[in-house]
2 protein chains.
Amino acid sequence: MPNQFDPPSGTRDFLAAELTKRERAFGVLRSVFASYGFEPLQTPAFERVDVLLGKYGDEADKLVFKILRRGEHEASGEADLALRYDMTVPLARVAAAYGSQLPTPYKRYAMGSVWRADRPGRGRFREFTQCDIDTLGSTSPLADAEILCAHHDAMTALGLTDFRILVNSRQVLSGLLEVFAVPPELGPGVLTALDKLDKMSPADVISELTSRGLDEQAAGELVAAMTAEDASERIRTALKPSETGMAGLEELEPAARAGRRADSGRPDRVHAADGARPQLPTPARSGSSWRPAYRGSIGAGGRYDHLIAQLGGPDVPATGSSLGIERILTLLPDDAGGRQGTLDLAVTVLADDLAGPSFALAARARAAGLRASVYLGASGKLGKQLRWAADQGARWCLIYGNAEREAGTVTVRDLLSAEQEAVPEAEVADYLACRAGSADG
Amino acid sequence: MPNQFDPPSGTRDFLAAELTKRERAFGVLRSVFASYGFEPLQTPAFERVDVLLGKYGDEADKLVFKILRRGEHEASGEADLALRYDMTVPLARVAAAYGSQLPTPYKRYAMGSVWRADRPGRGRFREFTQCDIDTLGSTSPLADAEILCAHHDAMTALGLTDFRILVNSRQVLSGLLEVFAVPPELGPGVLTALDKLDKMSPADVISELTSRGLDEQAAGELVAAMTAEDASERIRTALKPSETGMAGLEELEPAARAGRRADSGRPDRVHAADGARPQLPTPARSGSSWRPAYRGSIGAGGRYDHLIAQLGGPDVPATGSSLGIERILTLLPDDAGGRQGTLDLAVTVLADDLAGPSFALAARARAAGLRASVYLGASGKLGKQLRWAADQGARWCLIYGNAEREAGTVTVRDLLSAEQEAVPEAEVADYLACRAGSADG
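Sequence positions are assigned chain by chain, starting from 1 and proceeding in written order. Chain A is the first chain written and ligand 1 is the first ligand written, with later ones labelled in order. For this predicted model, a pLDDT threshold of at least 70 governs which residues receive local features, and a threshold of 80 or more governs which side-chain atom pairs are given and counted, while totals over whole chains, interfaces and linings are taken from all residues. With hydrogens and water stripped out, all remaining heavy atoms of the structure feed into the side-chain values.

1. Remarks on the side chain of R22 of chain A
Here is step 1 of the chain: The residue R22 of chain A is located in helix α1 (residues 16-35) in this model.
Here is step 2 of the chain: Any pair of residues with heavy atoms lying within 4.5 Å of one another is described as a contacting pair. Non-local contacts of R22 of chain A, meaning those with residues more than four positions away in its chain, are made with R12, F14, T129, E326 and L329 of chain A. Numbered from the N terminus, helices here are DSSP runs of H or I no shorter than four residues, and strands are runs of E no shorter than two.

As C-alpha cells, this is what we get:
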C-alpha cells in the first residue's frame, strides 16, 4: 500500500547506508575506467524530444518520460523535452557536437541516472543508474578487447568473483543456423528462443522453438548441443563445415584472448562462443559481442558500428559495454550493520559555557582526519549524551565537563569496551588519530 | 546561434576536464560534511506534482518542469510528476516517510541536480547542482553554529580564501527598522532594498528606498550607517535603544563565535551583523542566518523552524545552509591545460602479434596504480603512435617492437624530455610506479 510520503512509483530514496555503498562502488568503477584512459562524460538529464524519440522504436518511445512545455505553451499539452532513456543517444549527440574537440579514439565512460516508464517490479526501476564504457573511432578488434578487459577488471575490482564472460559473434550465430539447417526466415526467432536457455529449462526452450516453426528434431539437436557438458567443443566441431561460422570464431578470438589474459588468475572465466549462446542479437550489434553472467546477465557489450550514425551522430565505428550496475549492486555484500563506522567521535556538551571548548575539540579531531559530531540536544545529562553517542554509531565519546576543564584533560570513552582514559587536552587529537589508525589496521 | 547538437537551452554537457574539476570539488565537500557527521541523502530526480507544487508560491511553480502522464493518459496533456526544484521539499518528504528510522538530530547533506525553467543567462542554468547541509530536530543554537562551521570549512577546503561570512538575525533587522524609525508597513520593502547594497551603489539604493516610500533623510542615514567604514560598530551602538535589536545581537552570538573559532587563522572573516546587511529576509528564516560572500553571495544559511511542516513534513526545528556551488566552481582555478595528467602511459602496438604483450604491459602498469592506454589505431608506424601518445597527454610512452621483444626489454620514452631508456620487461611496472611517484612529489 503506497504511502503519500513514498517516492514516486519505481523510484527510490537512498538513505546513508545504501547510498554510501552505491557511491563506493561507483568510485571503484571510475578509477578502473580512468586506469584504462577512459574519460568521464556527463550530459543533461533531459534532451530535446526530437533528439530522443524515434531512435529505438515505438515500444521504447512509450517508455520515455516527456516534459511538458512551459508558460503559455503548457496548455498545449505538448512535450518539448524528455528524460534521458540511455547513455548512447546523448553520446551520439556529443560526438556530433564536439567532434574535433574530442580525442581520437574517444574513449569515454558515463555513469548516471536514466529514466524509463517501465512497469516497476522486483529489481526493475523507473529511475536507475546506467554505467557505460564506449570507444568511438576505432575499427580495431583491440578496441573490443580493451572494453572487455575494462569491464572484466571493473567487476573484479567490485569484488565479484564467480562470474563468466560469454563471448560471441554474429557470424558464429549465422554459421550455427546454417549447420543445423534452420530455415533463414526462422533464424531471428530461433536465436531469441535459444537466448532463453539461461532462464528456461531445455524442454521449455525446445517447445518454444517448435512453436516458432522449427521441426522437433532440429530443435532437440540444437538444444542438446548447446546444453551439453562439452558444448563449446561440440559447437566448434559442428561449425567446421560453415565458412561464416569459422570466420566468426576467428573474429572473436582477439577479444576472448585479451579477456583470458586479463583474467590470468581464472583462465576458465572467459568463454569464446561458450555453447554458442546467442548472446543478444540486437540488430545494432556487429562483430563480436559478450555478456558477463552471474546467475543471469550482469552486463552486455560488443561492437556497434553505424549505430551512432543511426542515432543522429557521425558515422564512426564504435564498441562498448554496459555494466548491469543495479543488478551487480544487489550481489555485493551490504556494509556492516547500521550507522556503525560512519562516525569516529561523539563530543559531549555538558553546559552552555562548555560548548566552545567542545566545538574546538571536534574541530581539532577533524583536522586530524577524524569524523566528529557534537551533541546538539537539550539534555545536560551525561547518561543521555552517552546514549546519543552510541546511537550515532560513534567509536569513541569525548567527555569534557567541569572536572576535565579544571584538570586540563579530556575523558576518552571507548564505546565498545566502555573503558575510559583521561588524556591531556593538547594531546587528544594525536592520541585519537593514532588509536583510529591502529583500529583500522 | 544554437546548433541542433547543442544540449537543451540552459543545460550543459560536461566533458572530461570540467567534469573532473566538478567531481573533485564534490568529493572535497562530501568529505568535509562527513567529517561533521552529516549523512548523504539522495532522492529521485522527480516527485509527484502534488508533493512539489504549491510549496513556494506561484512564481516558483511556473519554473517547475512537469512530466506528462504516459500511455493512454498522455493525450490528457496533464502532468503527474515534476523535476526536483530544490533539495528542501524532498527532505521534508523523507522526514515524513522515514521519521523514526532517521537518527536524532538528522544531519544530512544532499548534492545533486535541480531543474528550474528560468530564463537561461550568464551563470544561470536550467539544470544545476545544489549542495545543501541541514540539521532537523535540534533547537539548539549550536546546531546553527555547527552548520556555519561546516559551511566555512567546506569553502576553505575547496581553496577559497577571500570570503567573508555575514551573520545576521531577524531580530537585529527588526531592531534596525525600529531605531531608524521606519514605518512598519515599509519594513519588508526597505530590507529588500538594503539587501542590494552588495550589487548597487549607495545612491541607487537611497533612490530605491525613497521610491518605496521612505523619506529621504531616513534613507540617507540608514545607507550611511550601513556603508560606513565602521558600520558594524555604528549599527551596534545604534541598536542599543532597541530591546529586540539587542536580543537579536545576543541570538546570533553562538553562531558568530563558533564561526570565528572555526576561522581562528582569519579572525576577521566572520562578521556578526556586519553593517547589519539585511541578509535576505526570506519569510521562512527565523533566528540567525548568514551569507558567505566573495564578490557577491556564494551561499546562504540559517534557521528555518516550521518550514519543513509547511512543505508537507513533520513540524521539526530545522537549520541549514546551501552552498552556491555553481558560483563557487567559477571562482576555483581551472586544472592545468587540456588532457595533461589524465594518462600516465601510452603503449604502442607495432604489429598484430605484439598486441598481446602490449596489452599485458598495460595491465601490469594498471596493477601498479598507473593509468595506461593501448594504441587502437590502424597505423603500424612508430612516429604516428608517438604523436597519438602526445595527443593523449600521456607522461610516458612504452615502445615494444620486435627489437625489444628479442632483447626482453621495453623502451620507456619520456614524452616531456624525449629521452628514452631500455628497461627489462619484468621490471617496467616497478620502474614506472617509482618514477611516477617521484614525478608527483
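2. A few points about the sheet that holds strand β13 (residues 372-374) of chain B
Residue and element names in this part refer to chain B.
Here is step 1 of the chain: Within the open sheet, the 5 strands sit side by side as β13-β12-β14-β15-β16. Their pairing is mixed. The open sheet has two edge strands, β13 and β16 (420-424), and neither has a second partner. Going across the sheet, the axis of each strand differs from the next one's by a mean of 25°, ignoring polarity.
Here is step 2 of the chain: Pairs of strands are assigned from DSSP output, requiring at least two bridges between the strands. Relative to β16, strand β15 (residues 409-414) runs antiparallel, the two being bridged by 5 bridges. Each bridged residue has a counterpart across the sheet, and for T411 the counterpart in β16 is A422.
Here is step 3 of the chain: Most of the contacts of helix α16 (residues 382-391) go to strand β14 (residues 394-399), to which it runs at about 155°, and overall it touches β12 (343-347), β13, β14 and β15. For every element, the axis is a line fit to its C-alpha atoms; helices are fit only across the contacting stretch, and the angle between N-to-C directions ranges from 0 to 180 degrees.

3. Thoughts on the sheet that holds strand β12 (residues 343-347) of chain A
Residues and elements named next belong to chain A.
Here is step 1 of the chain: The 5 strands are arranged β13-β12-β14-β15-β16 in an open sheet whose pairing can be described as mixed. Of all the strands in the sheet, just β13 (372-374) and β16 (420-424) have a single pairing partner and so form its edges. Pairwise comparison of adjacent strand axes, ignoring direction, gives a mean angle of 25° for this sheet.
Here is step 2 of the chain: As paired elements, β12 and strand β14 (residues 394-399) share 4 bridges and run parallel to each other. Bridge pairing in β14 links L343 to A394.
Here is step 3 of the chain: In the packing of helix α15 (residues 355-367) onto the sheet, contacts are made with β12, β13, β14 and β15 (409-414), and the angle to β13 comes to roughly 170°.

4. A look at the interface of chain B and chain A
Here is step 1 of the chain: Every contact between the two is made by 85 residues of chain B and, on the other side, 85 residues of chain A.
Here is step 2 of the chain: Summed over both partners, the accessible area (1.4 Å probe) lost when two parts come together is defined as the buried area. Summed over both partners, the interface of chain B with chain A buries about 6800 Å², with 60% contributed by carbon and sulfur atoms.
Here is step 3 of the chain: The largest share of the area that chain B buries against chain A comes from F5, Q42 and L376 of chain B, three residues that together contribute 11% of it.
Here is step 4 of the chain: Whenever a carboxyl oxygen of Asp or Glu lies within 4 Å of a side-chain nitrogen of Lys or Arg, that contact is scored as a salt bridge. Scanning the region where chain B abuts chain A turns up 4 salt bridges.
Here is step 5 of the chain: Between D13 of chain A and R93 of chain B there is a salt bridge, with the nearest N and O atoms lying 2.8 Å from each other.
Here is step 6 of the chain: Whenever a nitrogen or oxygen atom comes within 3.5 Å of another N or O atom, the pair is scored as a polar contact, on the condition that within protein one atom can donate a hydrogen and the other can accept it, and that pairs from neighbouring residues in sequence are kept only if both atoms are in side chains. Along the contact surface separating chain B from chain A lie 27 residue pairs in polar contact (both at pLDDT 80 or more).
Here is step 7 of the chain: The element best represented in the side of chain B that touches chain A is helix α1 (residues 16-35) of chain B, accounting for 7 residues.
Here is step 8 of the chain: Taken together, the residues of the side of chain B that touches chain A break down into 47 nonpolar, 18 polar and 20 charged. Side-chain classes are defined by residue name, with Ala, Val, Leu, Ile, Met, Phe, Trp, Tyr, Cys and Pro counting as nonpolar, Asp, Glu, Lys and Arg as charged, and the others, Gly among them, as polar.

5. Examining the pattern of salt bridges
Here is step 1 of the chain: For the coordinates displayed, the defined rule picks out 36 salt bridges over all chains.
Here is step 2 of the chain: The closest approach of N and O atoms between E326 of chain B and R22 of chain B, which form a salt bridge, is 2.9 Å. Placement of E326 of chain B in helix α14 (residues 325-331) and of R22 of chain B in helix α1 is noted, with a sequence separation of 304 residues between them. When sorted by exposure, E326 of chain B lands in the same class as R22 of chain B, which is buried.
Here is step 3 of the chain: Because the salt bridges share partners, they merge into one network encompassing R12, R22 and E326 of chain A. With a 1.4 Å probe rolled over the protein chains alone, any residue whose accessible area is under 20% of its type maximum counts as buried; one over 50% counts as exposed, and the rest are partly exposed.

6. As for the pairing of strand β11 (residues 318-323) of chain B
Walk down a regular strand and you will see the side chains alternate between the two sheet faces.
Residues and elements named next belong to chain B.
Here is step 1 of the chain: Taking burial as the measure, the 6 residues of β11 include 5 buried ones, the bulk of the element.
Here is step 2 of the chain: Bridging between strand β6 (residues 127-136) and β11 involves 6 bridges; their strand directions are antiparallel. Each residue of the ladder has a partner; that of C131, found in β11, is L323.
Here is step 3 of the chain: Of the strand pairs in this sheet, strand β10 (residues 299-303) and β11 are connected by 5 bridges, and their pairing is antiparallel. Along β11, the bridge assignment pairs G301 with S321.

7. A closer look at the packing of helix α7 (residues 187-194) of chain A against helix α8 (residues 202-211) of chain A
All names here are of chain A.
Here is step 1 of the chain: With their axes 9 Å apart at the nearest point, α7 and α8 run at an angle of 165° to one another. It follows from the interaxial angle that α7 and α8 lie roughly antiparallel. Regarding α7 and α8, the two cross each other, and that crossing is right-handed. Contact residues: α7 offers V190, A193 and L194, while α8 offers V205, E208 and L209.
Here is step 2 of the chain: In terms of residue class, the contact of α7 with α8 is made up of 5 nonpolar, no polar and 1 charged. The scheme is simple: roughly parallel for angles under 35 degrees, roughly antiparallel for over 145, roughly perpendicular for 65 to 115, oblique for anything else. Throughout, a crossing is termed right-handed when the near helix is turned clockwise from the far one, and left-handed when it is turned anticlockwise from it by less than a right angle.

8. Points about unusual backbone geometry
Here is step 1 of the chain: Note the cis peptide between T104 of chain A and P105 of chain A, where omega equals -10°.
Here is step 2 of the chain: Within the chain, A181 of chain A stands out as a residue other than glycine whose phi angle is a positive 55°.
Here is step 3 of the chain: Among the secondary structure elements, A181 of chain A is positioned in the loop between α6 (170-179) and α7.
Here is step 4 of the chain: Although it is not a glycine, H306 of chain B adopts a positive phi angle of roughly 80°.

9. Side note on the relation of the copies chain B and chain A
Here is step 1 of the chain: It takes a turn of 180° to lay chain B on chain A, together with a shift of 0.0 Å along the axis; the resulting RMSD is 0.0 Å. Those values place the two copies in the arrangement expected of a two-fold rotation axis. Across chain B, the smallest distance between a C-alpha and the rotation axis is recorded for G77 of chain B, namely 1.9 Å.
Here is step 2 of the chain: Comparing interface residues between copies, 100% of those in chain B also lie at the interface in chain A; the contact surface is shared. For this overlay, a least-squares fit was computed on C-alpha atoms, restricted to residues scoring pLDDT of at least 70 in both copies.

10. Concerning the environment of L91 of chain A
Here is step 1 of the chain: Checked against the element boundaries, L91 of chain A lands in helix α4 (residues 88-98).
Here is step 2 of the chain: For the pair L91 of chain A and S211 of chain A, spaced 120 residues apart in the sequence, the C-alpha separation amounts to 40 Å.

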